[in-house]
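Geometric and topological summary
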Amino acid sequence: MPNLSEVLAKLTAKNKTMRQKFNLGLAYLHFKARSIYLYSYPIRLNIDPCNYCNLQCALCPVGQRDKGRKQTLMTFDTYKKVLDECGPYLWEINLYNWGEPLLNKDVFKMIKYARGMKIDVNLSTNLNIFNDEICNNLIKCKLNKLIVSLDGVSQKSVEAYQAGNNFEVVIENMKRLIQKKHELGSDLPFLEWRFIVHKHNEHGIDRAKELAQELGVDKLEFLQIRCNMGQELLMNNKAQFENVKPWLPKNENLSGYDYSKRQKKDIKDFCRLLWIESVIQPDGSVSPCCAVWQDKFDFGNIRDFSFKEIWNGEKYCAVRRLSRGEVVPDQGHICNICKVNQAQV
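What this report covers is the structure whose coordinates are included nearby.

1. Things to note about the packing of helix H5 (residues 132-140) against helix H7 (residues 167-184)
Relative to each other, H5 and H7 sit at 55°, their axes nearing to 10 Å. Relative to H7, H5 is oriented oblique. For the element pair H5 and H7, the recorded crossing hand is right-handed. Of H7, the residues touching H5 (which contributes Asp132, Cys135, Asn136, Leu138, Ile139 and Lys140) are Arg176, Leu177, Lys180, Lys181 and Leu184.

2. What to know about the pattern of salt bridges
Enumeration according to the criterion identifies 19 salt bridges in this entry. A salt bridge links aspartate 218 to lysine 181; the nearest nitrogen and oxygen atoms lie 3.3 Å apart. Within this pair, whereas aspartate 218 is found in the loop between helix H8 (205-215) and strand S8 (219-224), its partner lysine 181 is found in helix H7, the two being separated by 37 residues in sequence. With relative accessibility at 40%, the residue aspartate 218 sits in the partly exposed group. Among the residues examined, lysine 181 registers a relative accessible area of 7% and is labelled buried. Connected through salt bridges with shared partners, the residues Lys145, Glu192, Arg194 and Glu221 form a single ionic network.

3. A look at the packing of helix H3 (residues 76-86) against helix H4 (residues 107-115)
In the contact formed by H3 and H4, the axes pass within 11 Å of each other and the chain directions differ by 15°. Put simply, H3 runs roughly parallel to H4. By crossing handedness, the relation of H3 to H4 is classed as right-handed. When H3 is examined against H4, the residues Phe76, Tyr79, Lys80, Leu83 and Asp84 are found in contact with a partner set consisting of Lys109, Met110, Ile111, Tyr113 and Ala114. The residue inventory of the contact of H3 with H4, partitioned by class, reads 7 nonpolar, no polar and 3 charged.

The rules behind the values
- Residues numbered from 1 in each chain as written.
- Predicted model: local features only at pLDDT ≥ 70, side-chain atom pairs only at ≥ 80, totals over all residues.
- Heavy atoms only, no water.
- Axes fitted to C-alpha atoms, helices over the stretch in contact; angles between N-to-C directions.
- Helix = DSSP H or I, 4+ residues; strand = E, 2+ residues; numbered from the N terminus.
- Parallel < 35°, antiparallel > 145°, perpendicular 65-115°, else oblique.
- Left-handed = near helix turned anticlockwise from the far one by under 90°.
- Contact = heavy atoms within 4.5 Å.
- Salt bridge = Lys/Arg side-chain N within 4 Å of Asp/Glu carboxyl O.
- Buried < 20%, exposed > 50% of the residue type's maximum accessible area, 1.4 Å probe, protein only.
- Nonpolar A, V, L, I, M, F, W, Y, C, P; charged D, E, K, R; others polar.

Right, dumping it as structure tokens:
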């Protein structure tokens, strides 16, 4: 959640509507008050257009072919239902979560629909699926940010974690996109290269910095590797450490884990997401955060209820009470499990 000065600065934005600004301010007040029932909508939605992928990343449930959630594509009708209700109030959409968004043929239609409502849209991709049409559409649909997931500076280091990824293809596709942006005189999309650091690629950090500058990407971000993402919330910190241990970089400064204590460095005891953010899975199910993989932990489906009914439903209200320290009967909600495990991401 932005702090007060950041909220006030955002309220002066010229490219946002009064309803978006009002919702941002109201969400901030609800968050500060730790309100149970919310009159505001989320500031951000994570909407997953597709939860299957062309890669098999080692610690991703999609890459592991985990059966905890049915894999499918989001239909445009489902997406439109969400935006027709929530869109007038949203500040931002992350149009990705578990899968490869470019596998959904409606993804550019989805971006355009949101941008028409003055919502900022971010997309994350492995950029193996690419051609001239996709390149042009990524620019012409006014996508705000394109995040390219590439974990290494050679085929060997990339493939160690991202099985099926093609280093040379992704580098070439980033070059093509940057060139096309220049040709069309467009600053969008902002191009961010995300590099998850692990023991098989930590040696390539300096080269990645050089390569990012050579390519002309707008930002290079190094992320710390996490444990098995499909099970992360179900494991306590000790179990998380043991799970991710084979992947941890030798340089502890590049890791989110304390090697002597064998646990995460940053253990959180409060979840802000329950007030400002939510997740819509491809089938319309609503999850409280982007780390929820198993569908048995979802809070409802927007095909059956309005988003606001789920947002202020029994499950959401119960876990907000839990998050602010109240004693709540354990009904098996993922947030109960997460809090006990101190597993917040």
